[in-house]
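What follows is each chain in one-letter form.
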Amino acid sequence: MSVVIVGGNECMTRRYKDLCAEYRCKAKIYPKMSGCLKDIGNPDLLILFTNTVSHKMIHLVLGEAKDGTRVARSHSSSMAALRSILEAHAVQA
């Protein structure tokens, strides 16, 4: 399963990837605005950490997301928040 995470803390990027790997997910993480956001591809799950991103960034990513992409939003960008989203949408290894 492919996952794109938008927002969150830059220092937590490695931990986000490791947690996604536990749930058999390949993750791309964009903690801040960059030109790469227009090329998010076609992920199975798009996770938005809304507390750490701007409205402009959310609208840009949602505009790029393809139909059929599941979107999960969380105000918190903690590991517990990511774990609960992954438990709801993915299968643990």
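Residues numbered from 1 in each chain as written. Predicted model: local features only at pLDDT ≥ 70, side-chain atom pairs only at ≥ 80, totals over all residues. Heavy atoms only, no water.

Undergrad: Before we move on, could you go through the packing of aromatic side chains and cite the residues and values that matter?
TA: Under the definition given, this model contains one aromatic pair. The interplanar angle of 40 degrees and the centroid separation of 5.5 Å between the aromatic rings of Tyr16 and Phe49 together place this pair among those described as tilted. Placement of Tyr16 in helix 1 (residues 13-22) and of Phe49 in strand 3 (residues 45-49) is noted, with a sequence separation of 33 residues between them. Phe49 matches Tyr16 in its accessibility class, with the two residues each being buried. (Phe/Tyr/Trp six-rings, centres within 6.5 Å; stacked < 30°, edge-to-face > 60°. Helix = DSSP H or I, 4+ residues; strand = E, 2+ residues; numbered from the N terminus. Buried < 20%, exposed > 50% of the residue type's maximum accessible area, 1.4 Å probe, protein only.)

Undergrad: Break down the pattern of salt bridges for me, citing the residues and quoting the values.
TA: Evaluated as defined, the whole model comprises two salt bridges. For the salt bridge of Glu10 with Lys32, the shortest nitrogen-to-oxygen distance reads 3.8 Å. Here the residue Glu10 occupies a position in the loop between strand 1 (2-6) and helix 1, and Lys32 occupies one in the loop between strand 2 (26-30) and strand 3, the gap between them amounting to 22 residues. In this structure, the salt-bridge partner of Arg14 is Asp18, at a minimum N-O distance of 3.1 Å. Separated by four residues within a single helix, Arg14 and Asp18 lie in helix 1, roughly one turn from each other. Asp18 sits in the partly exposed class, given a relative accessible area of 38%. (Salt bridge = Lys/Arg side-chain N within 4 Å of Asp/Glu carboxyl O.)

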